[in-house]
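Architecture at a glance
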Amino acid sequence: MKSLLVVRLAFLKLLYLSPLGSGFNLDELTFVELNGEKDSQFGFSVVQYFDNATGRASLLVGAPRDQNPKTNVSFGGQVLRCHLDQRRCLPIPFDDQGELVS
């Protein structure tokens, strides 16, 4: 009976000392922080992308409320390619004419 109590106490001590609420960042020492425009919802969606032609890894980041300055659409959103080695994000051009109405 005493050995069972010792095992239970050891287990509870292990639970108490373990970090139950740690973050999800895989690399806590060399992380990269990227920021977008305020209220653009930058980071709403994130996909890791590797370009075989250039051999560079980057992130594709969605900002659904971002304002594209080249179109006449209000808050049409953007997708940005963020180069991790340069720590900057550039928009990917999809639509440079805005809404087309016939």
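Here the structure is a predicted model, which means the values were calculated and not measured.

A full pass over the atoms with the stated rule returns one disulfide. Bridging Cys82 to Cys89, the disulfide has an S-S length of 2.1 Å. Taking the sign of the S-S torsion, about 110 degrees here, the bridge from Cys82 to Cys89 comes out right-handed. For Cys89, a relative accessible area of 22% gives the class partly exposed.

Let's shift gears to the sheet that holds strand β3 (residues 78-83). Across the sheet, which stays open at both edges, the four strands sit in the order β1-β2-β3-β4 with antiparallel pairing between neighbours. The sheet is open, and its two edges are formed by β1 (45-51) and β4 (88-91), each paired on a single side. Averaged over neighbouring strand pairs, the angle between their axes works out to 30 degrees when direction is ignored. Where β1 and strand β2 (residues 56-63) come together, seven bridges link them in antiparallel fashion. Counterpart to Gln48 in the pairing with β2 is Leu59.

Let us now look at the confidence of the model for the chain. Detailed reading of predicted coordinates is not advised where the pLDDT is low. When pLDDT is averaged along the chain, the result is 75; 63% of the residues meet or exceed 70. The secondary structure element of the chain with the lowest average pLDDT is helix α1 (residues 2-17), at 56, and the one with the highest is β2, at 90.

Rules behind the numbers
- Residues numbered from 1 in each chain as written.
- Predicted model: local features only at pLDDT ≥ 70, side-chain atom pairs only at ≥ 80, totals over all residues.
- Heavy atoms only, no water.
- Disulfide = S-S within 2.5 Å.
- Buried < 20%, exposed > 50% of the residue type's maximum accessible area, 1.4 Å probe, protein only.
- Pairing = 2+ DSSP bridges.
- Helix = DSSP H or I, 4+ residues; strand = E, 2+ residues; numbered from the N terminus.
- Axes fitted to C-alpha atoms, helices over the stretch in contact; angles between N-to-C directions.
- pLDDT = per-residue confidence, 0-100.

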